[in-house]
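Structural overview for review
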Amino acid sequence: MNFKKRELSMKTAFDILKIIIGFVLLIKGADYFVDGASAVAKKLGVPELVIGLTIVAFGTSAPEAAVSISAALKGNNGISIGNVVGSNIMNILVILGLTAVIKTLTVKKSVIRIDLPVMVTATIAMILWGMLGGKLSRITGIIFLLALFTYLVYLVWYSRNTETDGEGEGVRDIKNWLMPIFIIGGVAAVILGSNVAVDGASSIAKTFGVSDRVIGLTIIAFGTSLPELVTSVTAAIKGHTDIAIGNIVGSNIFNILFILGMTSTIIDLPYLAEGANFIIDGFVMLGAALLLYFLVLPKKKLNRAGGIVMLLAYTGYFLYLLLV
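Given the structure is predicted, the values throughout are model-derived calculations rather than measurements.

**Regarding the overall build of the chain**
- Along the chain, the regular secondary structure elements total 10 helices and 6 strands.
- A buried classification covers 52% of the 324 residues belonging to the chain.
- Put simply, 85% of the contacts in the chain that link residues at least 6 apart link residues at least 24 apart.
- When the accessible surface of the chain is totalled, it reaches about 14200 Å², and 70% of it is carbon and sulfur.

Right, here's the structure in full:
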């Protein structure tokens, strides 16, 4: 009996080590990717807000993308959706909440008029499609990807019709020959890290009888949200609040339209299955998006009081996950 317990403890410790190694690779890989891609964008004269909404958002969403696709291919569908839903909830309530407590975030009119409504609409679309069909299918994925393409076309138009003077000061300067190395190496580290993290998390879930849904909504969501946390807090401290809030809003849009869009074109993702029922979690994600929208709408700012409200809201949600 003692031998079996020792063997189980060693296996669990090894799985935890795999998750940690996976997260390190995910975070550093995303970091290098963002640095490389943002440097390219800066040289092309892309506005800082657009960098935050696209390149930085895509780069910090890379861990979620790699984990969700890897999990789906391995049959861990609960992790695929749970990772995205959990990350989106954590991005708003925890990361923006924490960032706003540190420093008040100013929100541009274009974010309130366009980007936040796009995020809310994408969230509603995911919930409705999941509840009505019971799953996210290939058709869902195609529609989501087309919606993302339309949004990107808007951002290209926006970048061409926006004054770019003074933009990009927060972007790291990198030599031209290093840019592709940063981008390719970053993507490779993200892919490797996702596989290692998913293997470790799946093994722990099976060992302790924890559902893929809960693992995806908590441990995996936290790990894959670390790049957003580091990026937003750092950007806010340096005074680049456009990147801080644009990163989160853009990342959440990418998480739904790109990650779930891409993953569901590869394999159907159950939304109402036993052990992977995301009805309540989906509405929590929608509630978080609406809370952010209404907090910033009056004064176009997210202040410390709003940040505290967000952190308290996530505390309540986390307690719910522990009790269910």
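**Things to note about the nonpolar core**
- With 58 residues, the main nonpolar core has Ile 92, Met 126 and Leu 292 as its most contacted residues.
- Among the elements of the structure, α2 (48-73), α3 (77-102), α4 (109-133), α5 (138-160), α7 (212-237), α8 (241-266), α9 (279-296) and α10 (304-323) are those that each provide at least two residues to this core.
- Per-element accounting of this core gives the leading share, 11 residues, to α8.
- Look past the residues within four positions of Leu 292 in its chain and what remains in contact with it is Ile 92, Leu 96, Leu 116, Met 119, Val 249, Leu 302 and Met 310.
- By size, the runner-up hydrophobic cluster in this structure holds 15 residues, among which are Ile 19, Phe 23, Ile 79 and Ile 204.

**A few points about the packing of α4 against α9**
- Contact pair α4 / α9: the axes reach a minimum separation of 10 Å and the direction vectors enclose 165°. Viewed along their axes, α4 and α9 adopt a mutual orientation that is roughly antiparallel. Helix-helix and strand crossings are classified by hand; for α4 and α9 the assignment is left-handed. Across the interface between the two elements, Ile 112, Leu 116, Pro 117, Met 119, Val 120, Thr 123, Ile 124, Met 126, Ile 127 and Met 131 from α4 touch Ile 279, Gly 282, Phe 283, Met 285, Leu 286, Ala 289, Leu 290, Leu 292, Tyr 293 and Val 296 from α9.
- Here the residues of the contact of α4 with α9 sort into 18 nonpolar, 2 polar and no charged.

**A short note on the side chain of Thr 140**
- Along the chain, the position of Thr 140 falls in helix α5.
- Given the relative accessible area of 0%, Thr 140 is considered buried.
- Residues in contact with Thr 140, not counting those within four places in the same chain, are Trp 129, Lys 135 and Ser 264.

**A closer look at the pattern of salt bridges**
- Taken as a whole and assessed by the stated rule, the structure comprises 1 salt bridge.
- Across the salt bridge formed by Lys 135 and Asp 268, the nearest N and O atoms sit 3.0 Å from each other. Of this pair, Lys 135 sits in strand β2 (residues 135-136) while Asp 268 sits in the loop between α8 and β3 (269-270), and the two are 133 residues apart along the sequence.
- Classification of Asp 268 by relative accessible area gives partly exposed; the value is 33%.

**Section: α4**
- The first and last C-alpha atoms of α4 sit 35 Å apart over 25 residues, in line with the 36 Å expected at 1.5 Å per residue.
- Taken as a whole, α4 carries its principal kink of about 30° at Asp 115; the proline Pro 117 stands between one and four residues after it.
- Of all the positions in α4, only Ser 110, Val 111, Ile 112, Asp 115, Leu 116, Met 119, Val 120, Ala 122, Thr 123, Met 126, Ile 127 and Gly 130 are classed as buried.
- Taken from the residues just after α4, Gly 134 is the one with a positive phi, measuring 75°.

**Notes on the packing of aromatic side chains**
- What the rule picks out here adds up to 8 aromatic pairs.
- Measuring from ring centre to ring centre gives 5.0 Å for Tyr 32 and Phe 182, while their planes differ by 80°; the resulting arrangement is edge-to-face. Residue Tyr 32 is located in helix α1 (residues 2-43), and its partner Phe 182 is located in helix α6 (residues 179-208); the two are separated by 150 residues in the primary sequence.
- Look at Phe 182 and you get buried, because its relative accessible area is 10%.
- Members of the aromatic cluster, joined through ring pairs, are Tyr 314, Tyr 317, Phe 318 and Tyr 320.

**Overview of unusual backbone geometry**
- Its identity as a non-glycine residue notwithstanding, Lys 300 has a phi of 55°, on the positive side.
- Its place among the elements puts Lys 300 in the loop between α9 and β6 (301-302).
- Judged by its relative accessible area of 31%, Lys 300 falls in the partly exposed class.

**A closer look at α9**
- End to end, α9 covers 26 Å across 18 residues, agreeing with the expected 26 Å (1.5 Å per residue, within 8%).
- Residues Asp 281, Gly 282, Met 285, Leu 286, Ala 288, Ala 289, Leu 292 and Val 296 constitute the buried set of α9. Buried residues of α9, viewed axially, fall in a sector of 150°; they line one side.

**Description of the packing of α9 against α10**
- The N-to-C vectors of α9 and α10 enclose an angle of 175°; their axes lie 11 Å apart at closest approach. Accordingly, the angle class assigned to the pair α9 and α10 is roughly antiparallel. Here Ile 280, Asp 281, Val 284, Leu 291, Leu 292 and Leu 295 of α9 lie close against α10, whose contacting residues are Gly 306, Val 309, Met 310, Tyr 317, Tyr 320 and Leu 321.
- Class assignment of the residues belonging to the contact of α9 with α10 gives a composition of 10 nonpolar, 1 polar and 1 charged.

What counts and what doesn't
Residues numbered from 1 in each chain as written. Predicted model: local features only at pLDDT ≥ 70, side-chain atom pairs only at ≥ 80, totals over all residues. Heavy atoms only, no water. Helix = DSSP H or I, 4+ residues; strand = E, 2+ residues; numbered from the N terminus. Buried < 20%, exposed > 50% of the residue type's maximum accessible area, 1.4 Å probe, protein only. Contact = heavy atoms within 4.5 Å. Areas by Shrake-Rupley, 256 points an atom, 1.4 Å probe, with all protein chains shown as cover. Core = buried A, V, L, I, M, F, W, Y, C linked by side-chain atoms within 4.5 Å. Axes fitted to C-alpha atoms, helices over the stretch in contact; angles between N-to-C directions. Parallel < 35°, antiparallel > 145°, perpendicular 65-115°, else oblique. Left-handed = near helix turned anticlockwise from the far one by under 90°. Nonpolar A, V, L, I, M, F, W, Y, C, P; charged D, E, K, R; others polar. Salt bridge = Lys/Arg side-chain N within 4 Å of Asp/Glu carboxyl O. Expected span 1.5 Å × (residues − 1). Bend = angle between axes of the 7 residues up to and from the residue. Phe/Tyr/Trp six-rings, centres within 6.5 Å; stacked < 30°, edge-to-face > 60°. Arc of directions from axis to C-beta.

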